[in-house]
Amino acid sequence: MASATPLLKPENDAPASPGCKLGVLSEGYSPDAKLSKGDQRVSMVPEVAASLIKDGYAVFVERGAGVFAGYSDEAYEAKGCKVTSRGDTIDKSEVLFALEPPVADFQTMNCKVLISWVGRLQDKGKEIIMKANQYRITVVDVTAVPRITIAQKLDVLSSQAKVAGHRAVLEAAYSYQRFHTAEMTAAGKYPPAQTFVLGCGVAGLSAIGTSKAMGSVVRAWDVRDVSDQVQSMGAKWVSVDFKESGEGTGGYAKESSDAFKKVQQETFKKVLSEVDIAISTAAIPGRPSPLLITKDAVMAMKPGSVIVDLAAIGGGNCELTKLNETYTTDNGVTIIGFANLPARMAEQASAMYAQNMANLLRHVHGKGKAAAFIPNLYGALDQGEDGDIVSRSIVCCKSGNPVAMPPPPQPTPIKPKPVSAQEQAKKTANPFNTALISATVLTFTCCCMVGLGEGVSTSLLSTFLLAGAAGYQAVWGVAHALHTPLMSVTNAISGMTAIGGLLLLDRSTSWFAQFLALIAVLVSAVNIIGGFVVSQRMLNLFKKEGEKDYSPFMLLPGLVFLIVCLTKPELLKAVSTVSALLCIAAIGGLATMSTANSGCKFGMVGVFGAMAAAMVSLNKGSFLVSSMLLLVGGGAGLVLGVQVSPIALPQTVAAFHSLVGLAAMCTSIGSFVQTPEAGANMENIAAVLGDFIGGITLTGSLIAFGKLNGNLASKPLDLPGKNFLNLGGLFLFLFFMFKFLGTSGAGGVLILWLVAALACVMGVHLVGSVGGGDMPVCITVLNSYSGWALVAEGFLLKSPVLTIVGSLIGF
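Residues numbered from 1 in each chain as written. Predicted model: local features only at pLDDT ≥ 70, side-chain atom pairs only at ≥ 80, totals over all residues. Heavy atoms only, no water.

Some thoughts on the side chain of Thr 89
With respect to the helices and strands, Thr 89 occurs in helix H3 (residues 86-92). By relative accessible area, which is 0% here, Thr 89 ends up buried. With sequence-adjacent residues up to four places away left out, Thr 89 is seen in contact with Gly 23, Val 24, Leu 25, Phe 60, Val 61, Glu 62, Thr 84 and Leu 96. (Helix = DSSP H or I, 4+ residues; strand = E, 2+ residues; numbered from the N terminus. Buried < 20%, exposed > 50% of the residue type's maximum accessible area, 1.4 Å probe, protein only. Contact = heavy atoms within 4.5 Å.)

Shown next, in the form of structure tokens:
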């Protein structure tokens, strides 16, 4: 039988003696319902266990633990696990895994660590913790993982909910006695099934994806406005005509008001009368499931319709749901209330749960491997607020004492401040102020743009403004689900800082300026190749099994660019312009799932064309050196992009992005080293701005990478007077800039290095002051910064292609 391949692959072989002993217990399932105590899943699968053994763990597995999930005892032994009796597994292990807490065995687990599905905030979970304290058991609740970026890989609620959403569609398809997809046959024409998904969390989105894949026409609703996500998956959003925020804490929905519920149920009744299948997933932690489908709504549904209620364990979203039962109502509607949907796909659910457990162990043990797991876990508790937030959240009790759960980390959804009717009237009844403010902002913006004409040529100014407008519109249309690939593609495109290095290299006579140009070319090459490899791997995650991708044909224009560059030197500027246009098209291509892969290829061709046009203009010596550096840097980027784990792709984008900042900084300083003349001209202003923005991007991106990758604590850096520190840094930069514009020669170069040092410090402080949960936002802002750095290089080196691409990314 097949089992899931773990996402994370360790690098080292297992040591001679284990650093920590893990025990995997059976859930007690039996085909005989009278004897069964648990479900079919198992908390560890052979493939994942093998990777943990290489991390220094010894793994003991209770005999028969994985049989009902499709994993035999022989499969575990083949991967290096030791299969023993339940008693021996408990006795020999330091850390025990079980989905359902084995309360009956607590007396044999004295002073051990139990990692289980506890639900510490529920009444049942509190009782389990009290019993565990009697035997000094350290209980780790896998459901208490904080909802922050670095903890996503440990989130068992999400992984099991995804399985439940998928299985719910299969259960519905089994009970629904018609086609899911539209069919046109000799025996007649049959319409597709109509599916309504209520609740668009992980389970709901999974149900939408599976239903669409099976050919159903899908509608969806959630109390939160997630219409962009729903529409990006090809479903239609159902709106309730009643204004009320549904955001709750921790990413869950909050309970709705009675007035909202009334309007809501009327809307649902109408939609349910039109659909064939309803899948409800709405749940509120610690409270009964909200009633979404009333008895009247069920009675209005068509005979043969199916309702799958994933919230049955909390009382159900449907008024007629019966827990763990399937039955048909008098009007022919089948209602399914199974509470064990993940267990009905035990092999897949177990593989995902086991990977979550491996990620948890690795998050805690860090570089210390197995031997560091228990010391690090207890050490985080001893450090108090300075300890790892994940460890402090999941440990429920230790040494016979309960461990208080820390408050969820920032950011948390902000409750909107209530606005009185009078205040609202004032805001809406004063169009004069609105028009005046808008006119003032527009006038100021126009003055700034006109002012640029003092030092920027008309052609560069035109390309800057038009490209910015085009980029703004292109990004605005990108699908929500593709925002992360968008950041990756624009990051790879911003590697055109290599062109700035090439132009500087060709124009420089100073050896130091040439050295800085070569550094810019090398690190930019790493970013370009590595960035596009990561981008393509991200997009491949969206690809459905069996789906064919013909987007590589979009790379053919690159061959045309190469031929033109080698044979028609008079067309080099045209190649650069078309290449910049393709970079704009790359972002436009990411607007939908169907064109995203083509968009990525547009970006590759655009960067290649611009690079080729710049390379053929170099003298022979510069061409040879640059080619070698591009090969070395590109090779390094390729290796890094291919080897990185799929769950580490977003933070890898941040790491690559730091190289853009370094390249911009080197090019800006190198340009002034070549022509160290004082003066408040556009070249010097662009040089100091490019230097400053590049420094912030360099260190800010590294801090973002560290927080996302778990190398740095996600807790915000909270220095006293941090806002004044940022303001002081800005004023100090303005002072350096003023001095620089009036200084020539070595003095001016020294000031640029001081600006670079200041920018690097500010990058650390600015991004370090933001919590780990907001790092994706920081990466987006830093990505925009790199665009402005490219614009500065374009103005500095009078390069239209850099100006266009920089404006595109900056806006």
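Focus: the environment of Gly 530
Relative to the helices and strands, Gly 530 resides in helix H18 (residues 511-540). Residue Gly 530 is classed as buried on the basis of its relative accessible area, which comes to 0%. On a C-alpha basis, the gap between Gly 530 and Gly 641 in space is 4.8 Å, while along the polypeptide they are 111 residues apart. Sequence-distant contacts of Gly 530, defined by excluding residues within four places in its chain, comprise Gly 637, Leu 638, Gly 641 and Phe 656.

Focus: the pattern of salt bridges
For the structure shown, the criterion picks out 15 salt bridges. A salt bridge links Asp 55 to Arg 362; the shortest N-O distance between them is 2.6 Å. With Asp 55 in the loop between helix H1 (46-54) and strand E2 (57-62) and Arg 362 in helix H10 (residues 346-365), the pair connects residues that are 307 residues apart, well separated along the chain. Given the relative accessible area of 14%, Arg 362 is considered buried. The partner of Asp 105 in a salt bridge is Arg 86, and the shortest N-O contact between them spans 2.8 Å. Here Asp 105 is found in the loop between strand E4 (95-98) and strand E5 (113-116), whereas its partner Arg 86 is found in helix H3, with 19 residues between them in sequence. (Salt bridge = Lys/Arg side-chain N within 4 Å of Asp/Glu carboxyl O.)

Considering the nonpolar core
Leu 22, Val 95, Ile 115 and Phe 373 are the most contacted members of the largest nonpolar core, which totals 51 residues. Of all elements in the fold, only strand E1 (20-24), H1, E2, E4, E5, H10, helix H11 (373-382) and helix H12 (389-394) reach the threshold of two or more residues within this core. Counting residues per element, this core draws most heavily on H10, which supplies 9 residues. For Leu 22, the contacting residues outside a window of four places in its chain are Leu 52, Tyr 57, Ala 58, Val 59, Phe 60, Ser 93, Val 95, Phe 97 and Leu 361. Val 526, Val 644, Val 688 and Ala 704 belong to the second largest nonpolar core, which has 46 residues in total. (Core = buried A, V, L, I, M, F, W, Y, C linked by side-chain atoms within 4.5 Å.)

Notes on the packing of helix H25 (residues 722-741) against helix H26 (residues 745-768)
Contact geometry for H25 and H26: axes closest at 10 Å, N-to-C directions at 165°. Taken together, the axes of H25 and H26 are roughly antiparallel relative to one another. As for the relative orientation of H25 and H26, their crossing is left-handed in sense. Contacts between H25 and H26 involve Lys 722, Leu 725, Asn 726, Gly 729, Leu 730, Leu 732, Phe 733, Phe 736, Lys 739 and Phe 740 from the former and Gly 748, Ile 751, Leu 752, Leu 754, Val 755, Leu 758, Met 762, His 765 and Leu 766 from the latter. Among the residues forming the contact of H25 with H26, the class breakdown is 13 nonpolar, 4 polar and 2 charged. (Axes fitted to C-alpha atoms, helices over the stretch in contact; angles between N-to-C directions. Parallel < 35°, antiparallel > 145°, perpendicular 65-115°, else oblique. Left-handed = near helix turned anticlockwise from the far one by under 90°. Nonpolar A, V, L, I, M, F, W, Y, C, P; charged D, E, K, R; others polar.)

Some points on helix H17 (residues 497-507)
An α-helical turn contains 3.6 residues, so any two residues separated by three or four positions project in the same direction. Burial within H17 is extensive, with 9 of its 11 residues counted as buried. Where H17 is concerned, the buried positions are Thr 497, Ala 498, Ile 499, Gly 500, Gly 501, Leu 502, Leu 503, Leu 504 and Leu 505.

Looking at unusual backbone geometry
For Asn 324, which is not a glycine, the phi torsion comes out positive at approximately 60°. The topology assignment puts Asn 324 in the loop between strand E13 (306-309) and strand E14 (326-328). Phi is positive for Lys 369, which is not a glycine, with a value near 60°. The residue Lys 369 is located in the loop between H10 and H11 in this model. According to the relative accessible area criterion, Lys 369 is partly exposed, its value standing at 26%.

Some thoughts on the pairing of strand E10 (residues 217-221)
Extensive coverage of E10 is indicated by the burial of 4 of its 5 residues. The pairing of strand E9 (residues 194-198) with E10 spans 5 bridges and is classified as parallel. Opposite Leu 198, over in E10, you have Trp 221 as the bridge partner. The parallel pair E9 and E10, bridged by helix H6 (residues 202-213), forms a crossover whose chirality is right-handed. In the sheet, E10 pairs with strand E11 (residues 236-237) via 2 bridges, with the strands oriented parallel. Each residue of the ladder has a partner; that of Arg 219, found in E11, is Lys 236. You can see the chain leave E10, run along helix H7 (residues 227-232) and come back into E11, and the turn it takes is right-handed. (Pairing = 2+ DSSP bridges. Right-handed = clockwise from strand over helix to strand, strands pointing away.)

Re the packing of aromatic side chains
Per the stated rule, a full pass over the model turns up 10 aromatic pairs. The ring of Tyr 327 carries the charged tip of Lys 322 above its face, separated from the ring centre by 4.3 Å. Above the plane of the ring of Phe 338 lies Arg 344, whose end atom (NZ or CZ) is 3.6 Å from the centre. (Phe/Tyr/Trp six-rings, centres within 6.5 Å; stacked < 30°, edge-to-face > 60°. Lys NZ or Arg CZ within 6 Å of the ring centre and 35° of its normal.)

Examining the sheet that holds E13
Spatially, E11-E10-E9-E12-E13-E15-E14 is the arrangement adopted by the 7 strands of the open sheet, whose pairing is mixed. Looking at which strands have only one partner, the edges of the open sheet turn out to be E11 and E14. Contacting strand E12 (277-280), E13 and strand E15 (334-336), helix H5 (residues 156-175) runs over the sheet at an angle of about 155° to E13.

Re a nonpolar patch on the surface
A surface patch of nonpolar side chains, amounting to about 520 Å² of accessible area, comprises Leu 559, Leu 562, Ile 563, Leu 566, Phe 608 and Val 616. For the nonpolar patch, the element with the most residues is helix H19 (residues 556-567), which contributes 4 residues. With respect to the helices and strands, Phe 608 occurs in helix H21 (residues 593-615). Residue classification places Phe 608 among the partly exposed positions, given a relative accessible area of 36%. (Patch = residues over 30% accessible without salt bridge, like charges linked within 9 Å, V, L, I, M, F, W, Y side chains within 5 Å. Areas by Shrake-Rupley, 256 points an atom, 1.4 Å probe, with all protein chains shown as cover.)

Looking at the state of the cysteines
Overall, the coordinates contain 0 disulfides when judged by the stated rule. Just so you know, Cys 396 is unpaired, no disulfide at all, and the nearest cysteine sulfur is the one on Cys 397, 6.2 Å from it. (Disulfide = S-S within 2.5 Å.)

Let's talk about the sheet that holds E4
One open sheet holds the 8 strands; their spatial order is E3-E2-E1-E4-E5-E6-E16-E17, and the pairing between them is mixed. Two strands bound the open sheet, and with one partner strand each, they are strand E3 (82-84) and strand E17 (401-402). Note: E2 against E3, 3 bridges, orientation parallel. The residue of E3 that forms the bridge with Glu 62 is Thr 84. H10 contacts E1, E2, E4 and E5 of the sheet and is inclined by roughly 135° relative to E5.

Some thoughts on the confidence of the model for the chain
Per-chain confidence: the chain averages 83 in pLDDT, with 87% of residues scoring 70 or above. Contacts of residues 1-15 to residues separated by more than four positions or lying in other chains number 33 contacts, the stretch itself having pLDDT below 50. Note that residues 248-254 has pLDDT below 50 and, in this model, 21 contacts with residues that lie over four places away or in other chains. (pLDDT = per-residue confidence, 0-100.)

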